[in-house]
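These are the residues of each chain, in order.
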Amino acid sequence: MDYDVVVIGAGNGGLTASATLARKGQKVLLLERHNIPGGCATSFCRGRFEFEVALHQLSGLGTPEKPGPLRMTLGSLGVMENLEFVEIQDLYSVYMPDGFTTCLKPDKNQTIAELKEKFPHEKEAIDNFFDLVYTYANDMIGAFIFRDPEPSRDKYPNLYRYALRNAKEVLDDYFKDPLLKTVISVYWGYLGVSTDQLSFAYLAMLLFQYIEFKPFHVKGGSQALSNAILNVFLTAGGRARFNCGAKRILVEDNQVIGVETDQGDTIETRYVVANISPMETYTNLVGKDLIPNNTLQEMNSRILSNSAFTMFIGFDCEPDELNIRESTNFLMASTDISRSLHDRMGRVDIQDELMVMSCYDISDPTFSPPGTCQINLVTLKYGDPWLTIPPGQYHEAKFRCAESMLKRTEKIFPNIRKHIEEIDIGTPLTHMRYLGHPAGAVYGFESRTKDSFFFQPGNRSPVDGLTFAGGWVGDQGFEPTLRSGVSAAKSILRQMNS
Amino acid sequence: MRKGIWQEFDGYKEIADEIELSFEAGKERSFDRQLADQYLGRLHPKELKLRVVDVIEETPSTKTLRLAPVDALLPPFLAGQYIPLFAEIDGIRTSRPYSISSQPKQTGFYDITVRRVPDGLVSNFLMDQVKVGDLLDSAGPQGNFNFNPLYHDRHMVCFAGGSGITPFMSMIREIVECGLDREVTLIYGNRHLDDVIFHPELESIAQRFDNITFIPVIEKPAKTYSGACGFINAALIQEVLGDMQDKTFFLCGPQGMYDFCLPELESLGVAKRKIRKEMYGPPVDICDYPGWPSGINPDKNFQVTILDGKTIPVNAGTPLLVSLEKEGIVPPSICRSGECSMCRVKVLSGKVFQPAGTPVRKSDTRFGYVHSCVSYPLEDLEIML
Ligand SMILES: Cc1cc2nc3c(=O)[nH]c(=O)nc-3n(C[C@H](O)[C@H](O)[C@H](O)COP(=O)(O)OP(=O)(O)OC[C@H]3O[C@@H](n4cnc5c(N)ncnc54)[C@H](O)[C@@H]3O)c2cc1C
Ligand SMILES: Cc1cc2nc3c(=O)[nH]c(=O)nc-3n(C[C@H](O)[C@H](O)[C@H](O)COP(=O)(O)OP(=O)(O)OC[C@H]3O[C@@H](n4cnc5c(N)ncnc54)[C@H](O)[C@@H]3O)c2cc1C
Ligand code: FES
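What counts, and at which threshold
The numbering scheme is per chain: residues are counted from 1 as the chain's sequence reads. Both sets of labels track the order of writing: A upward for chains, 1 upward for ligands. The predicted origin of the model limits local features to residues at a pLDDT of at least 70 and limits the giving and counting of side-chain atom pairs to 80 or more, whereas totals for whole chains, interfaces and linings rest on all residues. Computation of side-chain values covers all heavy atoms of the structure but excludes hydrogens and water. A run of H or I in DSSP counts as a helix once it spans at least four residues, and a run of E counts as a strand once it spans at least two, with each numbered from the N terminus. In this analysis, strands are considered paired if DSSP registers two or more bridges between them. Only heavy atoms enter the contact rule, under which two residues are in contact if any of them lie within 4.5 Å. Helix axes use the C-alpha atoms of the stretch in contact, all axes being lines fitted to C-alpha atoms, and the angles between their N-to-C directions lie in the range 0 to 180 degrees. What counts as a domain boundary in this text is fixed by an automatic or database domain assignment. Take the accessible area each of two parts loses on contact, using a 1.4 Å probe, and add the two losses: that sum is the buried area. For this document, the term salt bridge refers to a Lys or Arg side-chain nitrogen within 4 Å of an Asp or Glu carboxyl oxygen. Polar contact is the term for a pair of N or O atoms within 3.5 Å; when the atoms are in protein, one must be able to donate a hydrogen and the other to accept it, and sequence-neighboring residues count only if both atoms are side-chain atoms. Asp, Glu, Lys and Arg are counted as charged, while Ala, Val, Leu, Ile, Met, Phe, Trp, Tyr, Cys and Pro are counted as nonpolar; the rest, among them Gly, fall into the polar class. Expected helix span is given by 1.5 Å per residue-to-residue step, counting one fewer step than there are residues. Three labels apply to residues, based on accessible area from a 1.4 Å probe with only protein chains included: buried if under 20% of the type maximum, exposed if over 50%, partly exposed otherwise in between.

Another point: the environment of Gln297(A). Looking at the element boundaries, Gln297(A) is found in helix α11 (residues 293–300). Taking C-alpha positions, Gln297(A) is 47 Å from Lys116(A), a pair spaced 181 residues apart along the chain.

Shown next, in the form of structure tokens:
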């Protein structure tokens, strides 16, 4: 046997799976198509800037005094000493076209107070809503995180009532003011489905997590995290091959026996961790004939999530000269939280969609070189429509969309254009190219209520020895995907011992 | 915990129905990958076969190779971008970037214009060996040295040195042939008058189009020459432009030109954000580069051991990437100027010299990664590819 385990893909899930296995003494080979680890969790340089690709707010880390699940995971991997995390001082700000703005803090009481000040007519509803979010989260933790052997409706009333409801219904129940509903639900942008299809559970858990464990960033950006995990893996004796994708997973009698790389060599192994989509894994790497029908049917029943259109902008001045005061800013065009918000993701052009603008230099003044700052400006877009643009018009479409995005941002921050020093643009096609995921999906499968936590198929596959890690088989986001790799590794270790 | 307690949750029935429905309505998506690959192959092909359909002698030391696609359409590009050309010369597999000098709306071919570099491996091969009908390997166009309509001024001031004219030629041709609403002032430095590439074409364009100004600058002119002489300096720039307002500056040429021109622009009060530079290959003589440790001779020999691989001889004055290629080890490379990070390798032990300002990610530096196309061994090394 060449290797005990081959890990395909060095995204968050692939990296933590590799590191966990190597630290447990397994002989592991990590294969990555690209020349650098991280997948989404990466950065690139332009001029004097190093642009962050994906990370806006790291969830679930918590402080050393009150550690969250992610801090424990990273701690047990031995990567904390190589990383410096920066607490982000704001939860998020919302900007409306009519000049309305509000800035929420990652503190329950401050957030409630700020909302009450802005929406005095909804005071009571605000209290009630946050009570619901907190009791729901506590129910969820009691039942699922601490794995209560005997959960019941009496013990966890809000879990039973709310776990399968959609967010919009709950918001409509609690609030009248459409602006307030918009402000409270902007985090749908981190999940990729608008509130009418989003499970209330996800919105509640996200708010709870960011408030209780605080949003964080990391010095050097998400690439620092990826590099630190890879370093632990290499130090533990792991081997990584970059610029080398997996072409086939070889299976005999329903058991993994090896991996063929796109450089043409074959590696013998009995275990594979796939940090890539089940579509790619089953249809292109294993071969559909070897996969039972119900697995394929389950896979086809899910909808591919959106991709993203991102502008990376470096400025030749500090954020305050641009009037940027907070790290995380949601720029909204209207108070519409209905289905049509979602439909807008299916157009190429950018007009009135949700946009997130992160300025990393606010919480970490060393992020960009002295006297400069950078923003990451992103909106969600499906990948498919981009495939209908004739290649000769691709650059034009890219600049046209970027111009609309910049115009909208300029309305709120009028000084930005005259301080631009570098710009790069990532389209859904850029994500297809660099991640290799179908339709450039950045959030795996769409997480509608029917696809939420309770109904996900998990990391096991019908092929013996093949296990998944990453956002395609669980929740998306840094914290869940980083933890998913550890789970995949543990699952393999269990299989080896049985 | 009991299995499937969520079946007791409110609303489970509806969700179960929805799941059942989605199983029936599910769509097979296995062709997605193929579609995306096909599309991306037209935009950013990993391999692009090109046939030399014409060779045009521009100056005694410069030729234009006209390259037509063999089995696909040419991918679109932005004026100013380059293609990597791959070649196997004397058993060494390597590549070099060449800016496309034809304009992007001309979709039938790419022109590249190559100047001979004394002792250069690929430029001499392209000048002397390549003939009409030959096939060359390339990949999709790359690079960020292009006009950006989002924030560049419509008046571009272009400083070219020697073969650094090529990206500007593409831009100028696009502007005049497509009637774009932009203005160019081109200041083009060369050692001798007969080194000026595209001289007749540039003069004729400047005569015919009000929005294009062409100022050749000759470093060592004949006594009778009446045009601008010497280097491109602040006085000349001031004289040509009047004021520096509402202009974006583009520089492309040898390192020496940047070292000289950038301070001149700064002295005229041009903000950094208004200046774009194309990186044009590794420094010609690394030992003259600021920060090179005194006492290390470029011929000094060291050994590089590759993790799980062989040990090879290298010398201090040769980029690590080039030494690897000489030994048949070919890490991917695109820009060969330190910019794109394709040639990134991890130094496990030993020291290299990498010019200050090479754009390496902070965490890459922290964990020992270097861009091998601009890294020079200062000791015996152990590296991971
Ligand atoms: C624009 C954007 C913004 C985001 N913002 C946030 C945020 O603020 N907070 C947050 O928590 N999350 C955020 N996310 C989500 C988060 O980045 C992802 O959920 C997470 O990084 C996904 O990790 P993964 O393990 O699924 O692997 P991925 O990152 O999907 O990586 C998969 C890897 O597999 C490689 N690969 C593919 N095919 C092959 C093959 N055949 N052989 C070998 N290798 C292969 C790919 O090159 C890639 O490296 C964001 C994502 C994006 C794109
Ligand atoms: C983005 C980009 C675009 C480019 N576009 C063009 C173009 O349009 N036309 C063109 O002719 N060249 C262009 N070049 C330069 C080209 O890629 C090669 O570097 C050049 O042809 C020399 O390659 P070589 O193999 O002949 O020399 P090498 O064997 O690589 O080098 C031999 C010696 O010459 C030095 N040297 C390398 N490059 C140069 C140079 N440009 N000037 C002086 N000395 C040099 C080396 O340091 C070495 O000492 C471009 C470079 C970059 C990075
Ligand atoms: S090849 Fe681009 S950095 Fe070395």
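The structure having been displayed, the exposition proceeds.
This part covers the sheet that holds strand β12 (residues 275–277) of chain B. Residues and elements named next belong to chain B. If you walk across this open sheet you meet the 6 strands as β10-β9-β8-β7-β11-β12, and the pairing is parallel. Bordering the open sheet on either side are β10 (228–229) and β12, each of which pairs with just one other strand. Here strand β7 (residues 155–161) pairs with strand β11 (residues 247–252) via 6 bridges, running parallel. Within β11, the position partnered with Val 157 by the bridge is Phe 249. With respect to the sheet, helix α7 (residues 255–267) is in contact with β7, β11 and β12, its orientation differing from that of β11 by roughly 165 degrees.

Residues and elements named next belong to chain B. Domain boundaries assigned for chain B yield domain 1 (48–138), domain 2 (155–277) and domain 3 (291–384). The C-alpha-based centres of domain 1 and domain 2 are spaced at 24 Å. With 19 residues of domain 1 at the interface, the matching set in domain 2 holds 17 residues. At the boundary of domain 1 with domain 2, total buried surface from both sides reaches about 1,300 Å², with 56% on carbon and sulfur atoms. The largest contributions to the domain 1 side of the interface with domain 2 come from Ser 101, Gln 103 and Arg 115, which together make up 38% of the buried area. For the interface between domain 1 and domain 2, the tally reads 1 salt bridge. Across the pair Glu 174 and Lys 105 runs a salt bridge, and its minimum N-O distance is 3.2 Å. Linking domain 1 with domain 2 are 7 residue pairs in polar contact (both at pLDDT 80 or more), by the criterion used here. Elements with a minimum of two residues in the side of domain 1 that touches domain 2: β1 (48–59), β2 (62–69) and β5 (110–115). Residue contributions to the side of domain 1 that touches domain 2 peak at 3 residues, all from β5. Looking at side-chain class alone, the side of domain 1 that touches domain 2 contains 5 nonpolar, 10 polar and 4 charged residues.

Residue and element names in this part refer to chain B. Taking 1.5 Å of rise per residue, 13 residues should cover 18 Å, and helix α4 (residues 166–178) covers 18 Å from first to last C-alpha, within 8% of that figure. In terms of burial, α4 is a largely internal element, 11 of the 13 residues being buried. Gly 179 sits one or two positions beyond α4 and adopts a positive phi of about 60 degrees.

The next subject is the interface of chain A and chain B. Contact residues are listed per partner, giving 80 residues for chain A and 57 residues for chain B. Summed over both partners, the interface of chain A with chain B comes to about 6,200 Å²; 58% of that surface belongs to carbon and sulfur atoms. Seen at the junction of chain A and chain B, the total is 5 salt bridges. Where Glu422(A) meets Arg276(B), a salt bridge forms, and the shortest distance between an N and an O atom there is 3.2 Å. Considering each element in turn, the side of chain A that touches chain B owes the most residues, 7 residues, to helix α9 (residues 222–235) of chain A. The class makeup of the residues in the side of chain A that touches chain B is 38 nonpolar, 19 polar and 23 charged.

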